[in-house]
Structure formats: C-alpha cells, structure tokens
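Now for the letters of each chain:
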Amino acid sequence: NAGVTQTPKFQVLKTGQSMTLQCAQDMNHNSMYWYRQDPGMGLRLIYYSASEGTTDKGEVPNGYNVSRLNKREFSLRLESAAPSQTSVYFCASSPLAGYTDTQYFGPGTRLTVL
Amino acid sequence: GENVEQHPSTLSVQEGDSAVIKCTYSDSASNYFPWYKQELGKGPQLIIDIRSNVGEKKDQRIAVTLNKTAKHFSLHITETQPEDSAVYFCAASYNQGGKLIFGQGTELSVKP
C-alpha cells in the first residue's frame, strides 16, 4: 500500500500561471481533503470531498478549484497563481465521511509562486 | 466558527523529561479532538485522539486529557526521546459537518 501519494513534490510558478496538484489514495477511503500549511498557521482546509462527484468548501477556498475524478483521485487546481498561494499543500483521506475520523496525509507539495 | 489556540509554539526539553502541549477551543459543540505529529519533510500523522465522552486517554508514553467545561485539552508525553522531536498539532471538530480545525502547531525539541 502506497497510502496517499501526491505529485509533484516541488513546483515553482510565475504569477498568473496555472497548474494542477494531483492526489491519489489506494486505501479505498471515501473522504478526501486538501489543506495548505503556512508557518504559524497550522493546516487550513481548502476543499473536502465526501464521495465521488461531491465537493465542499473549506476555510480558504478562494483561488482554487477541485475535482474528485473517482474514489481514488482528488485534484486541486490553481487557475491563476498568486504569490499568496505560496505554501505547502497536503492531501489527506479518511475511511468515513465527515471530520471525526482519522485522516491519512500525503507527503505534501511545496509550491512557490514568484 | 471553531477556533483552536495552541501553546506553546516551541518547546525544548531534556531527554527523559515530560512535555505538555495545551489547546483551547471555542465551539462547545466540538466532540472530537485528535493530535497529529509531523516529522520534518513529511505529512502529519495521527498519534492519539479523544472524544468528548471520556476525560483521558493513554497510549504508552502519550496521554491526552480533555476538560469540556473549560474547553481545553492537552497532550502529555512522558520519558521523552529524541525521536519525539517534531511539530505537534491539535485539532477539534464535531459531528454533523463540523470541519476539523487545527491549532497553530508546537515544535518540540528533545535534547539528548
């Protein structure tokens, strides 16, 4: 079991460029999440998906879009990157729907927007 | 919405000493309180969690206590070891759609 995998590991973008962060899990989990981690601010939820085809906004959704392609994959898209989106992005999954279940995190993507 | 405050932001202890990290939350409806450990360059990993129907939970050298009246919960690590060095995050959420809100993190350093 690879668990939760994320690609790429590192990315540098220029302001205005677009990109998609990929996430996949092989644990047959129902729920998937995207977080961003900034110094001194902990992890903040960007988007959540309880099942294929459903998504829900988190604390900081502005500037992002998501797609739950199937049960395994949950992608995060930045349409027009801004320096404020420089962060480390984590994908996570959990067996059940909701937020009161163990979340399993991927290794993260470090994104820099110049 | 829920707000979680975590203290201290950094903590340095000698190997073998105990470490305590404290969190307070604002939403009295919160009933699930996990703790995650993040090692350098990795994603967070759950180390222990507690639900509101219990006041304390232990797992070997790690324990978590919950005071629902005061709306705070704490992580206790006894007999610390260098491999305990990491960033620790508390979090809180509730059933029926309450999102998991994380604290700001505590960087624990255990000196040999």
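Attention here is on the structure that accompanies the text. Because the structure is predicted, anything quoted here is derived from the model rather than measured.

1. Considering the overall build of chain A
Right, so step 1: Counting its regular elements, chain A contains 0 helices and 11 strands.
Right, so step 2: Secondary structure of chain A in N-to-C order comes out as β-β-β-β-β-β-β-β-β-β-β.
Right, so step 3: Counting only C-alpha atoms, chain A reaches 35 × 25 × 25 Å along its principal axes.
Right, so step 4: Across the 114 residues in chain A, those meeting the buried criterion constitute 50%.
Right, so step 5: The long-range fraction of contacts in chain A, counting pairs at least 24 apart against all pairs at least 6 apart in sequence, stands at 56%.
Right, so step 6: Accessible surface, chain A as shown: approximately 5100 Å² in total, 51% of it carbon and sulfur.
Right, so step 7: In chain A, 10 positive and 8 negative side-chain charges are present, and the distance between their average locations comes to 7 Å.

2. Some details on the packing of aromatic side chains
Right, so step 1: Scanning the model with the defined rule gives 14 aromatic pairs over all chains in all.
Right, so step 2: Seen from their ring centres, Phe90 of chain A and Phe105 of chain A are 6.4 Å apart, and the 80° between their planes marks the pair as edge-to-face. Of this pair, Phe90 of chain A sits in strand S9 (residues 87-94) while Phe105 of chain A sits in strand S10 (residues 104-105), and the two are 15 residues apart along the sequence. This pair shows no difference in class: Phe90 of chain A is buried, exactly as Phe105 of chain A is.
Right, so step 3: Both rings, one in Trp35 of chain B and one in Phe73 of chain B, keep their centres 5.7 Å apart while their planes meet at 70°; by these two values the pair is edge-to-face. In this pair, Trp35 of chain B sits in strand S4 (residues 32-38) while Phe73 of chain B sits in strand S8 (residues 72-77), placing the two residues 38 residues apart along the sequence. With respect to burial, Trp35 of chain B and Phe73 of chain B carry one shared label: buried.
Right, so step 4: Taken together, Tyr33, Tyr35, Tyr48, Phe90 and Phe105 of chain A together with Tyr36, Phe89 and Phe102 of chain B form an aromatic cluster joined through their ring pairs.

Calculation criteria
Residues numbered from 1 in each chain as written. Chains lettered and ligands numbered in written order. Predicted model: local features only at pLDDT ≥ 70, side-chain atom pairs only at ≥ 80, totals over all residues. Heavy atoms only, no water. Helix = DSSP H or I, 4+ residues; strand = E, 2+ residues; numbered from the N terminus. Buried < 20%, exposed > 50% of the residue type's maximum accessible area, 1.4 Å probe, protein only. Contact = heavy atoms within 4.5 Å. Areas by Shrake-Rupley, 256 points an atom, 1.4 Å probe, with all protein chains shown as cover. Lys, Arg positive; Asp, Glu negative; His and termini not counted. Charge placed at Lys NZ, Arg CZ, Asp CG, Glu CD. Phe/Tyr/Trp six-rings, centres within 6.5 Å; stacked < 30°, edge-to-face > 60°.

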